[in-house]
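This is what each chain is made of:
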Amino acid sequence: MIELFLVKPDYMMAIPVSTVTWSGQRYQAARKIEANILYSDTGLHFYQQVIEGDTLLFKWKGNELFRGTVFNRSRNKNGQLTLTAYDMLQYFLINKDIYNFLGKRLDEILVKMCKDSEVPHGSFVNTKEKVGKVIDQETPLYDIALRAMIDTHKVSKRKFHIYSRLGKIHLTELKKQDIQWVLEVGNNIIDYTYDTSIEETATRVKLASGEGDKTVTAIVTDSEGKKQFGVIQHFEKVSESLNKSALTKKGKEILNKKKGVKKKLDVEALGIESATSGNAIYAIIDDIRLKRTMYIDTDIHTFVGNKHTMNLHLIETNDFPEMEELTSSTPSGSSTGTGTVGGSPKAQEVVTLAKSYIGRLKYVYGGKNIARGSGDCSGFTKFIYKKVGIDIGDGTATQIKKGRKIDPSAAQAGDLVFFKGTIKERGPNAVSHVGIVTKPGYCVSLGNSGCKEHGYLRNNHPYWGPKFMQINRVL
């Protein structure tokens with residue numbers, strides 16, 4: 001049975017609700033609920049009474065699954081009333097700051113950020129390793145925490161996870177998981193889609209370190225993969241100054257992640273409350289000869305009356321995502337982490353121009369009058385590139401054909417970043433939005449809310465991350 005409550009400082013009140021979706025994704029910070037309020041005089045009363053900033057508590061069969069803050073309310077012409085709330089990790093995602101965390105442990109970093117952002121937290125286990133850095137560029141708190149978790153894992157092989165529960169931030173160590181649940185056709189799987197692909201595969205990794213005559217390169221190859229798929233090279237210029245041996249070791253680590261056919265499984269199944277992103281599931285599908293452990297990347301749980309179903313996106317490993325290093329005073333043109341900040345002087349000019357329009361433009365679908373303060377996403381990118389003497393054409397469908405597609409890990413300032421699924425009429429996989437990369441993981445684009453700088457990765461933006469499509473280099 002669905003139970004939804006409005007929680008006030010001095011009382012708690014039940015809200016009549018018809019359906020609830022409860023969802024999350026690995027390393028995307030907050031989980032959220034979307035609750036459809038029963039449309040009646042009573043339901044309308046509650047919709048008007050619940051406001052942004054209120055706390056919602058969601059229970060299923062008496063067990064609390066979610067407690068979080070209302071961020072959005074919606075009512076359409078047909079009377080559908082919807083409340084959207086995020087758990088406490090949302091404040092880590094939307095709040096940015098700069099810090100000197102040198103000599104600090106992961107748990108100390110989290111305590112400091114929780115106190116500064118006034119987010120309640122539980123007691124954190126001592127993570128032992130000192131992994132803190134000086135962060136002198138404004139950075140989302142969640143990115144700082146994720147970077148600290150990745151660095152802790154690198155030096156100790158211990159994997160930690162932060163999550164929100166009962167309205168507080170918690171930290172736990174992830175150990176080798178026992179499989180708690182089995183998904184099987186004929187038992188609890190309603191439907192499935194199984195995809196295999198080599199689009200993200202590499203059979204050769206080439207890394208470069210240093211500049212000019214001091215450049216060191218290393219190449220590692222998957223011989224069996226090369227024989228089967230040909231040469232598919234992943235190239236990366238790393239920020240660290242590494243010798244040949246260290247560079248080769250790093251290349252082997254990257255190749256180990258990128259070699260082989262990549263398998264993904266989407267499952268619709270009877271609901272299991274503990275089947276949430278980051279957890280393990282054992283899948284049995286005889287039709288495709290699949291019997292193995294997989295990890296939940298994305299989960300969407302739907303509750304209607306007494307019925308609970310779930311849609312899970314399953315992947316083969318539960319590795320940390322690739323993300324840029326968070327370091328201090330990065331020189332212009334140098335590499336940070338898995339992407340490059342720099343680019344040509346013309347690329348830097350593009351970024352400077354693009355950022356100069358932040359907060360100054362009104363979105364008009366199909367509009368091209370950027371000079372007078374309005375337009376759409378592709379009108380904005382065309383205008384900016386034309387300022388530096390490059391015509392990338394009209395519309396996202398044209399612009400995505402310009403330049404060359406590059407690996408997201410090699411993104412540079414001045415590249416174009418494309419998104420899909422933002423216009424329902426075009427379908428979920430059609431290109432529909434474009435922006436200009438300002439630094440790895442971030443871009444400037446003109447959208448419904450105006451011209452803004454925002455993240456484009458799954459771990460740094462809840463909307464744009466899942467809709468990321470590709471990076472193109474035109475400069």
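Residues numbered from 1 in each chain as written. Predicted model: local features only at pLDDT ≥ 70, side-chain atom pairs only at ≥ 80, totals over all residues. Heavy atoms only, no water.

A. Summary view of the overall build of the protein. Of the regular secondary structure elements, the protein holds 10 helices and 30 strands. Against the 2.2 N^0.38 benchmark of 23 Å for 475 residues, the protein shows a C-alpha radius of gyration of 23 Å, consistent with a compact globule. Each principal axis of the C-alpha distribution contributes one length, and for the protein these read about 70 × 55 × 50 Å. By residue count, 48% of the 475 residues in the protein fall in the buried class. Residue pairs at least 24 apart in sequence account for 63% of intrachain contacts in the protein once pairs closer than 6 positions are excluded. In the protein, the 68 positive side-chain charges and the 52 negative ones have mean positions that sit 4 Å from each other. (Helix = DSSP H or I, 4+ residues; strand = E, 2+ residues; numbered from the N terminus. Rg over C-alpha atoms; globule rule 2.2 N^0.38 Å. Buried < 20%, exposed > 50% of the residue type's maximum accessible area, 1.4 Å probe, protein only. Contact = heavy atoms within 4.5 Å. Lys, Arg positive; Asp, Glu negative; His and termini not counted. Charge placed at Lys NZ, Arg CZ, Asp CG, Glu CD.)

B. The arrangement of the sheet that holds strand β16 (residues 233–237) in detail. The three strands are arranged β15-β14-β16 in an open sheet whose pairing can be described as mixed. Among the strands making up the open sheet, the edge pair consists of β15 (216–221) and β16. Ignoring which end each strand starts from, the neighbouring axes of this sheet average 15° apart. Direction of pairing for strand β14 (residues 204–209) relative to β15: antiparallel, over a ladder of six bridges. From the neighbouring strand, Lys-206 faces β15, where its bridge partner is Ile-219. Each of β14, β15 and β16 touches helix α6 (residues 244–258); the most contacted strand, β15, lies at about 35° to it. (Pairing = 2+ DSSP bridges. Axes fitted to C-alpha atoms, helices over the stretch in contact; angles between N-to-C directions.)

C. Representation of the confidence of the model for the protein in the model. Mean pLDDT over the protein: 87, with 92% of residues reaching 70 or higher. Here residues 328–342 scores under 50 on pLDDT; set against residues more than four positions off or in separate chains, the count is 43 contacts. (pLDDT = per-residue confidence, 0-100.)

D. A look at the sheet that holds strand β30 (residues 468–473). As summarised here, the arrangement of the six strands in space is β25-β30-β26-β27-β28-β29, forming an open sheet in which the pairing is antiparallel. The sheet terminates laterally at β25 (404–406) and β29 (450–455), the two strands that pair on one side only. When the angles between neighbouring strand axes are averaged without regard to direction, this sheet yields 40°. As paired strands, strand β27 (residues 431–439) and strand β28 (residues 442–447) are joined by three bridges and run antiparallel to one another. What sits directly across from Lys-439, in β28, is Tyr-442. The sheet strands contacting helix α8 (residues 377–387) are β26 (416–420), β27, β28 and β29, and the helix crosses β27 at an angle near 40°.

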